2 protein chains.
Amino acid sequence: MSVGLETSLKLLPVKGVRLASVAAGVRYTDRPDVVVIELADQTRAAGVFTRNRFCAAPVIVSKEHLAANSIRACLVNAGNANAGTGEQGIADARACCMALAQRLGCETDNVLPFSTGIIGERLPVKRITESLDECIGNLKEDAWDAAATGIMTTDTVPKGISRQCVIQGKTITITGIVKGSGMIRPNMATLLSYIATDARVSQPVLQELLNEMVSCSFNRTTVDGDTSTNDSCLLFATGASGIDEIKDIKEHGYVILRQAMLDVFLWLAQAIVRDAEGVTKFITINVQDSTSTAEALEVAFTVAHSPLVKTALFASDPNWGRILAAVGRAPVPDLDVGKVSILLGDVCVLRDGALAAGYQEQQGQAVMDEDEITITITLGRGTEQATVWTSDLSYDYIKINAEYRS
Amino acid sequence: MSVGLETSLKLLPVKGVRLASVAAGVRYTDRPDVVVIELADQTRAAGVFTRNRFCAAPVIVSKEHLAANSIRACLVNAGNANAGTGEQGIADARACCMALAQRLGCETDNVLPFSTGIIGERLPVKRITESLDECIGNLKEDAWDAAATGIMTTDTVPKGISRQCVIQGKTITITGIVKGSGMIRPNMATLLSYIATDARVSQPVLQELLNEMVSCSFNRTTVDGDTSTNDSCLLFATGASGIDEIKDIKEHGYVILRQAMLDVFLWLAQAIVRDAEGVTKFITINVQDSTSTAEALEVAFTVAHSPLVKTALFASDPNWGRILAAVGRAPVPDLDVGKVSILLGDVCVLRDGALAAGYQEQQGQAVMDEDEITITITLGRGTEQATVWTSDLSYDYIKINAEYRS
């Protein structure tokens, strides 16, 4: 299940982008698991990738190819992460890129490879390359929904969103898709996300935009604290809308584009949490009155990762003592617990380090019975704040992760 | 259930220590939940306590009383942690100490209070103090088993051990008990543990011994990464054996005592993991060839806390890619993944950063099918090492923690 997500998407095409998916049998049967995203000539590309030191072979190859700054296609497979596979994995990723490049009439380093799924097994290169002719034959602009479905692993619904804005009098479209449900504590980007716009943006500005977007969206979510080996987030600007190139973040067009992008990235990041493995609750954690954003994030993530907080949320149990215990072990030097307050929704349960006067358990219970719950923690030591989104920890999380390979 | 623990204890008495338990109805009904430990005059006491900044009221009071250096009794209740209760909680803890002190004919600050259980509810002082006459009437030397049972919360079995050694020609006894099953990532000591010996040891040496013991036992275990507000570990030396006081860690008697204590502390710390909430597997994580013990511990704890590693262990799934992903996100600067190897039991699954040649999944499966599993990670960057003990993550962990208050 998921919390607050539609099951159908109806994503808008982006001029200059064609997509297709195919059932190649990488791991799953009878479902699409290979996706090709073809990009118009002159498309600018920016990427951010996992900081996991065991980054997967396709991440290594994608970073290399991205540096060449002339990207014409993405080749994505679900079901096998091609991680922990050493030099062989890198050769396998390159072989897939070469096979697609030959068919599209471009160079191998114009193709970015991506993989997601089981770690530590060799990529079935032949099954992928043999599926490419059929896949390329199906390429079309109006296939974002199919692509969002083709990159899924344990996701229960395809996830994507479109937004439009007007720049230089022209309608600009942004469409983004994302997959990811477990092994989610992005430390750069979430598992796989592709966002494209027909705006024309210089590469340095596009990269700066992507860095900011990831920092305030994907990097503020967590499901289980495990950072993937394959996290990749790609932003493409085809320029096919015909607007003049945005070359500076001070331009009016940039400000408009940035706001629309922020909508898209926040939606995508939160969608991952809403479709987290075993999720039954969507949780927003606000930490306020901290000395820095980093400090607020430390506290928010400590609470978000606590298995005891997460199981209480699953149980709809207003057991706020577990939140207090998590705040107390967060790495905040010299925290004065006498200044800490905790709210469940609008209900204050802890004020200045002690039981809030007049608090009745049924007030907390009413908040916890909702599907979407906000926890606010005020530290009373500064003026900064941060928000993190997370999920609860349920029987189904265990089921999904104990039975993933069986 | 638990892994590899006996359900009956038969602990040895320690001269100078008398114990009793009583069903006071603090939270549970029809089971002992208040324990008194009476200590002979001149007993030396040492303690280590949680580093959670929201430390519970009894922890604050115990630290104060311990400084007075004349401890005659411990008063322990299960079912209510008296944490997050502010000034009222401190007054409640003191009231309990005073009630016991009056009955034992000592001062309030000769009594150490301890509480474990639900956080954020007021301690039922009256129920505890009204139970004390019955409890004191039952005090006897041979009641360690009853005390180990009386301090339990979600523990499934009472946990304790005795060891003997010979110092200055006299038989010295050490008996220790421990409770703790969830909210376990001791950052000082685990939930509640009381260890007593009839050796005579000076207070400074006793404290130094305790610090070392906790550091290499309790502080190397984790169940769920959540540090309790109430962690307390107390070591008492009654001196009733009649040996000369051990005043220096270079004395031969100290060396003998230390070795026997190490057995006791390692057993107690591992017993907590063996009785962890929902445990089905006892896991040992060895990290080798690191540049420092601290670095090895960082890697070991990152793996030990990974929900994906823990659910794979629960499923007996040799999905070592999850171990690799956890190692890759551990905070080790400049980790060269090309030098990292991973073994499940004696089976090498990853050698020098890539799939180990010749590895067959059934080899890993055979290791994972066992109740006790050792994971060895070699970093290839130094000569230091560390070992951490942990449990798996099962449906029953969710059940226990989602239903704890219901």
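Look above for the structure.
One structure accompanies this document, and this report is about it.

Cut-off values and rules
- Residues numbered from 1 in each chain as written.
- Chains lettered and ligands numbered in written order.
- Predicted model: local features only at pLDDT ≥ 70, side-chain atom pairs only at ≥ 80, totals over all residues.
- Heavy atoms only, no water.
- Helix = DSSP H or I, 4+ residues; strand = E, 2+ residues; numbered from the N terminus.
- Rg over C-alpha atoms; globule rule 2.2 N^0.38 Å.
- Buried < 20%, exposed > 50% of the residue type's maximum accessible area, 1.4 Å probe, protein only.
- Contact = heavy atoms within 4.5 Å.
- Areas by Shrake-Rupley, 256 points an atom, 1.4 Å probe, with all protein chains shown as cover.
- Buried area = accessible area lost by both parts, 1.4 Å probe.
- Salt bridge = Lys/Arg side-chain N within 4 Å of Asp/Glu carboxyl O.
- Polar contact = N/O pair within 3.5 Å; in protein donor to acceptor, adjacent residues only side chain to side chain.
- Nonpolar A, V, L, I, M, F, W, Y, C, P; charged D, E, K, R; others polar.
- Least-squares fit on C-alpha atoms with pLDDT ≥ 70 in both.
- Pairing = 2+ DSSP bridges.
- Axes fitted to C-alpha atoms, helices over the stretch in contact; angles between N-to-C directions.
- Phe/Tyr/Trp six-rings, centres within 6.5 Å; stacked < 30°, edge-to-face > 60°.
- Lys, Arg positive; Asp, Glu negative; His and termini not counted.
- Parallel < 35°, antiparallel > 145°, perpendicular 65-115°, else oblique.

### Details of the overall build of chain A
When helices and strands are tallied, chain A shows 12 helices and 16 strands. Over its C-alpha trace chain A gives a radius of gyration of 22 Å, about what one expects of a compact globule, namely 22 Å for 406 residues. Oriented by its inertia axes, the alpha-carbon framework of chain A measures out at about 70 × 55 × 35 Å. For chain A, buried positions account for 64% of its 406 residues. Sequence separation of at least 24 residues holds for 82% of the intrachain contacts in chain A that already meet a minimum separation of 6. Carbon and sulfur atoms make up 46% of the accessible area of chain A, which amounts to about 13900 Å² in all.

### Observations concerning the interface of chain A and chain B
The partner chain B presents 56 residues to the 57 residues of chain A that form the contact. Between chain A and chain B, roughly 4600 Å² of surface is buried when both sides are summed, and carbon and sulfur atoms account for 61% of that area. The tally of links between chain A and chain B comes to zero salt bridges. Summed over the shared surface of chain A and chain B, the result is nine residue pairs in polar contact (both at pLDDT 80 or more). Contributions of two or more residues to the side of chain A that touches chain B are made by α9 (307-314), α10 (321-329), β14 (354-355) and α12 (395-402) of chain A. Looking at the side of chain A that touches chain B, the element that brings in the most residues is α10 of chain A, giving seven residues. Partitioned by chemical class, the residues of the side of chain A that touches chain B number 29 nonpolar, 16 polar and 12 charged.

### Some details on the relation of the copies chain A and chain B
The two copies are related by a screw motion: chain A maps onto chain B through a turn of 180 degrees and a shift of 0.0 Å along the axis, at an RMSD of 0.0 Å. The superposition operator between the copies reduces to a two-fold rotation axis. Distance from the rotation axis, computed per C-alpha, reaches its smallest value in chain A at Tyr395 of chain A: 2.8 Å. A share of 98% of interface residues in chain A that are also interface residues in chain B marks the association as one of identical surfaces.

### Side note on the sheet that holds strand β6 (residues 159-167) of chain B
All names here are of chain B. What the five strands build is an open sheet, ordered β3-β10-β8-β7-β6; its pairing is mixed. Across the chains shown, the open sheet's two edge strands, defined by having one partner strand only, are β3 (44-49) and β6. Across the sheet, the axes of successive neighbouring strands diverge by a mean angle of 10 degrees, strand direction being ignored. Across six bridges, strand β7 (residues 170-179) lies against strand β8 (residues 192-197) in antiparallel orientation. Within β8, the position partnered with Thr175 by the bridge is Ala196. Those strands touched by helix α1 (residues 57-67) are β3 and β10 (232-237), and its axis lies near 145 degrees from that of β3.

### Looking at the packing of aromatic side chains
Residues and elements named next belong to chain A. Scanning the entire structure with this criterion turns up seven aromatic pairs over all chains. A ring pair is formed by Phe218 and Phe265, whose centres lie 6.0 Å apart and whose planes are at 70 degrees; its orientation type is edge-to-face. A residue pair is termed long-range when its members are at least 10 positions apart, and Phe218 in the loop between α6 (203-216) and β9 (221-222) and Phe265 in helix α7 (residues 252-274) qualify at 47 residues. Ring plane angle 85 degrees and centroid distance 5.6 Å describe the contact between Phe314 and Tyr395, whose orientation is recorded as edge-to-face. Of the two residues, Phe314 sits in helix α9 while Tyr395 sits in helix α12, which places them 81 residues apart along the sequence. Overall, Phe314 belongs to the partly exposed group, its relative accessible area being 21%. The class for Tyr395 is partly exposed, based on a relative accessible area of 25%.

### Here's the deal with the side chain of Lys281 of chain A
Residues and elements named next belong to chain A. In this fold, Lys281 is placed in the loop between α7 and β11 (282-290). Buried charge without a salt bridge: Lys281, with Asp371 as the nearest opposite-charge side chain at an N-O distance of 5.0 Å. A distance of 2.7 Å separates a polar side-chain atom of Lys281 from the backbone oxygen of Met368. For Lys281, the side chain forms a polar contact with the main-chain oxygen of Glu370, separated by 2.8 Å. When sequence neighbours within four positions are dropped, the list of residues in contact with Lys281 reads Val3, Leu313, Ser316, Met368, Asp369, Glu370, Asp371, Ile373, Thr390, Ser391 and Asp392.

### Focus: the packing of α9 of chain A against helix α12 (residues 395-402) of chain B
Two elements in contact, α9 of chain A and α12 of chain B, have axes whose closest approach is 8 Å; the angle formed by their N-to-C orientations is 70 degrees. Looking at the two axes, α9 of chain A sits roughly perpendicular to α12 of chain B. Across the interface between the two elements, Pro307, Leu308, Thr311, Ala312 and Phe314 of chain A of α9 of chain A pack against Tyr397, Ile398, Asn401 and Ala402 of chain B of α12 of chain B. Split by residue class, the contact of α9 of chain A with α12 of chain B holds seven nonpolar, two polar and no charged.

### Some words on α9 of chain A
Residue and element names in this part refer to chain A. With respect to burial, α9 is a largely interior element, seven of its eight residues being buried. Of all the positions in α9, only Pro307, Leu308, Val309, Lys310, Thr311, Ala312 and Leu313 are classed as buried. Where α9 terminates, the next one or two residues include Ser316, which has phi positive at roughly 55 degrees.

### Regarding α10 of chain A
For α10 of chain A, the buried fraction is high: eight of the nine residues fall into the buried class. Those residues of α10 of chain A lying buried are Gly321, Arg322, Ile323, Leu324, Ala325, Ala326, Val327 and Gly328 of chain A. Lining the buried residues of α10 of chain A we find α8 (293-305), α9, β12 (341-344), β13 (347-351) and β15 (372-378) of chain A together with α12 of chain B.

### Considerations on the sheet that holds strand β9 (residues 221-222) of chain B
All names here are of chain B. Read across the open sheet, the seven strands follow the order β9-β16-β11-β15-β12-β13-β14; overall the sheet is mixed. Edge positions in the sheet fall to β9 and β14 (354-355), since each has one partner strand and no second. Here strand β12 (residues 341-344) runs beside strand β15 (residues 372-378); their pairing, made up of four bridges, is antiparallel. Paired with Ser341 across the two strands is Thr378, which belongs to β15.

### Looking at the pattern of salt bridges
Any two side chains of opposite charge can pair if their charged atoms end up close together. Tallying each qualifying case throughout the model produces 28 salt bridges over all chains. Its salt-bridge partner being Arg27 of chain A, residue Glu121 of chain A comes within 3.6 Å of it at the nearest N-O pair. Here the residue Glu121 of chain A occupies a position in the loop between β5 (111-118) and α3 (125-130), and Arg27 of chain A occupies one in the loop between β1 (17-22) and β2 (34-39), the gap between them amounting to 94 residues. The exposure class of Glu121 of chain A is partly exposed, given its relative accessible area of 28%. Between Glu295 of chain B and Arg381 of chain B there is a salt bridge, with its nearest N and O atoms 2.9 Å apart. Here Glu295 of chain B, found in helix α8 (residues 293-305), pairs with Arg381 of chain B, found in the loop between β15 and β16 (384-391); they are 86 residues apart in sequence, far enough to count as distant. Using a relative accessible area of 9% as the deciding quantity, one classes Glu295 of chain B as buried. One connected set of salt bridges, linked through shared partners, spans Asp155, Lys159 and Asp275 of chain A.

Distances and angles like these do not, on their own, reveal function.
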